[in-house]
Amino acid sequence: MGEGTALTIGWLYPKLMSTYGDRGNVICLERRCQWRGIPVRVVPLDRETPADAFGQVDLLVGGGAQDRQQEIVMRDLQGAKAEILKEAIAAGVPGTFTCGAPQLLGQYYEPALGQRINGLGVLDLVTVHPGPEAPRCIGNMVLTVTAQRLAADLRAMLGEVPYLIGFENHGGRTRLGPTAEALASVVKGFGNNGQDGTEGVFYRNAIATYSHGPLLPKNPFLADWLIQQAIARRTGEPVILKPLDDCLAQQARTALLARHGLQEAIALP
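Residues numbered from 1 in each chain as written. Predicted model: local features only at pLDDT ≥ 70, side-chain atom pairs only at ≥ 80, totals over all residues. Heavy atoms only, no water.

Regarding the overall build of the protein chain
(1) Moving on: Across its full length, the protein chain carries 8 helices and 14 strands.
(2) Moving on: Taking 269 residues into account, the globule formula puts the C-alpha radius of gyration at 18 Å, and the protein chain, at 18 Å, falls close to it.
(3) Moving on: Taking the principal axes of the C-alpha coordinates as reference, the protein chain spans close to 50 × 50 × 30 Å.
(4) Moving on: Expressed as a percentage of its 269 residues, the buried residues of the protein chain come to 53%.
(5) Moving on: Restricting to contacts in the protein chain with at least 6 residues of sequence separation, those with at least 24 account for 71%.
(6) Moving on: Summed over all atoms, the accessible surface of the protein chain reaches about 11,700 Å², with 51% contributed by carbon and sulfur.
(7) Moving on: Here the protein chain contributes 25 positive and 26 negative side-chain charges, whose respective centroids are spaced 2 Å apart. (Helix = DSSP H or I, 4+ residues; strand = E, 2+ residues; numbered from the N terminus. Rg over C-alpha atoms; globule rule 2.2 N^0.38 Å. Buried < 20%, exposed > 50% of the residue type's maximum accessible area, 1.4 Å probe, protein only. Contact = heavy atoms within 4.5 Å. Areas by Shrake-Rupley, 256 points an atom, 1.4 Å probe, with all protein chains shown as cover. Lys, Arg positive; Asp, Glu negative; His and termini not counted. Charge placed at Lys NZ, Arg CZ, Asp CG, Glu CD.)

With respect to the packing of helix α5 (residues 148-158) against helix α7 (residues 220-235)
(1) Moving on: It is the contact of α5 with α7, at a shortest axis distance of 11 Å, that shows an interaxial angle of 100 degrees. In terms of their interaxial angle, α5 and α7 are classed as roughly perpendicular. Side by side, α5 and α7 meet where Arg149, Leu150, Asp153, Leu154, Met157 and Leu158 of the first sit next to Phe221, Leu222, Asp224, Trp225, Gln228 and Gln229 of the second. (Axes fitted to C-alpha atoms, helices over the stretch in contact; angles between N-to-C directions. Parallel < 35°, antiparallel > 145°, perpendicular 65-115°, else oblique.)

Some remarks on helix α2 (residues 67-76)
(1) Moving on: Of the residues making up α2, those classed as buried are Gln70, Ile72, Val73 and Met74.
(2) Moving on: For α2, the elements touching its buried residues are α4 (100-105), β5 (108-110) and β6 (117-118).

Regarding the sheet that holds strand β7 (residues 125-128)
(1) Moving on: One open sheet accounts for 4 strands, arranged β6-β5-β7-β10; its pairing is mixed. One side of each edge strand has no neighbouring strand; the edge strands of this open sheet are β6 and β10 (173-176).
(2) Moving on: Sheet analysis places β5 next to β7, joined by 3 bridges and oriented parallel. Paired with Glu110 across the two strands is Val128, which belongs to β7. (Pairing = 2+ DSSP bridges.)

Re helix α3 (residues 79-90)
(1) Moving on: Over its 12 residues, α3 runs 17 Å from end to end, which matches the ideal 16 Å to within 8%, given 1.5 Å per residue.
(2) Moving on: Among the residues making up α3, those that are buried are Lys81, Ala82, Leu85, Ala88 and Ile89. The arc that holds the buried residues of α3, viewed along the axis, is 130 degrees, so those residues lie on one side.
(3) Moving on: Phi for Gly92, located one or two positions after α3, is positive at around 105 degrees. (Expected span 1.5 Å × (residues − 1). Arc of directions from axis to C-beta.)

Describing the packing of helix α1 (residues 23-34) against α7
(1) Moving on: At a closest axis distance of 10 Å, the pairing of α1 and α7 adopts a crossing angle of 70 degrees. Comparing their axes, α7 and α1 come out roughly perpendicular. For the element pair α1 and α7, the recorded crossing hand is right-handed. Residues Cys28, Leu29, Arg32 and Cys33 of α1 pack against Pro220, Ala223, Asp224, Leu226 and Ile227 of α7.
(2) Moving on: Grouping the constituent residues of the contact of α1 with α7 by class yields 7 nonpolar, no polar and 2 charged. (Left-handed = near helix turned anticlockwise from the far one by under 90°. Nonpolar A, V, L, I, M, F, W, Y, C, P; charged D, E, K, R; others polar.)

Concerning the side chain of Thr8
(1) Moving on: Note that Thr8 resides in strand β1 (residues 7-12).
(2) Moving on: Other than its neighbours up to four places away in sequence, Thr8 contacts Arg41, Val43, Gln56, Val57, Asp58 and Leu59.

Describing the sheet that holds strand β9 (residues 164-170)
(1) Moving on: Pairing is antiparallel in the open sheet, where 4 strands are placed in the order β9-β8-β11-β12. Because the sheet does not close on itself, it has two edges, and the strands there are β9 and β12 (198-199).
(2) Moving on: Where strand β8 (residues 137-145) meets β9, 7 bridges bridge the pair, whose relative direction is antiparallel. By the bridge assignment for β9, Ile138 is matched with Asn169.

Side note on the pattern of salt bridges
(1) Moving on: This model, assessed by the stated rule, comprises 10 salt bridges.
(2) Moving on: A salt bridge links Asp153 to Arg149; the shortest N-O distance between them is 3.6 Å. Residue Asp153 and its partner Arg149 are both found in helix α5; the two are separated by 4 residues, about one turn of the helix.
(3) Moving on: Linked by salt bridges that have partners in common, Arg32, Arg36, Asp224 and Asp246 make up one network. (Salt bridge = Lys/Arg side-chain N within 4 Å of Asp/Glu carboxyl O.)

Listed below in structure tokens is the structure:
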């Protein structure tokens, strides 16, 4: 890819939605492009950004936020901005959306205190916080990818479908509607609601999840999948990325699984 076709990563409201290390997902995507010589730039999509810029990106990254920050974002993310963002995701612009971001892309979010926050309706899900006295869903996660196309793509890329590793910290409980496909099933952790064993949503080329951590440095193959989708969508041609040395990431994954006694229960990828 030449300089004129640099990938553009759109970072949704970075000052308001980047809790628990979510900016690490942006850094991971940017670095893995740079290490391969792929031109890349990161642009903030926030209150000062004109609406048309929301549709001029190749990749989207959205992070988590507290309830107050989510309200501020939703007051801004209306009208033309909302419609352009919805059209981009529906058209297949790849992205990763963490915690508060999927809640905003859903039908609505009911906080522990205050009024319901209507979402964009991109994802068929609703999120309700059970109240200020309810325990939060906090801890490390191990997940099995169940989204069919993503699992098939990862198997083609890697020869297997690795487990996802992450960290969650959320009060809301998310329920998927009949048209939503879960991203994964929970091996360890709470996931969407701590009851039905589902975690996240997979829609078009969008990965929505409660996994902070951040997600992509712990699962670099997901970052590569997103980059592949972005380049293929830009060029109209399938792409195979140059391999990177991920031995340190793999050692970290192995250590995290072993720390929680899962080295025997789970075949380490």
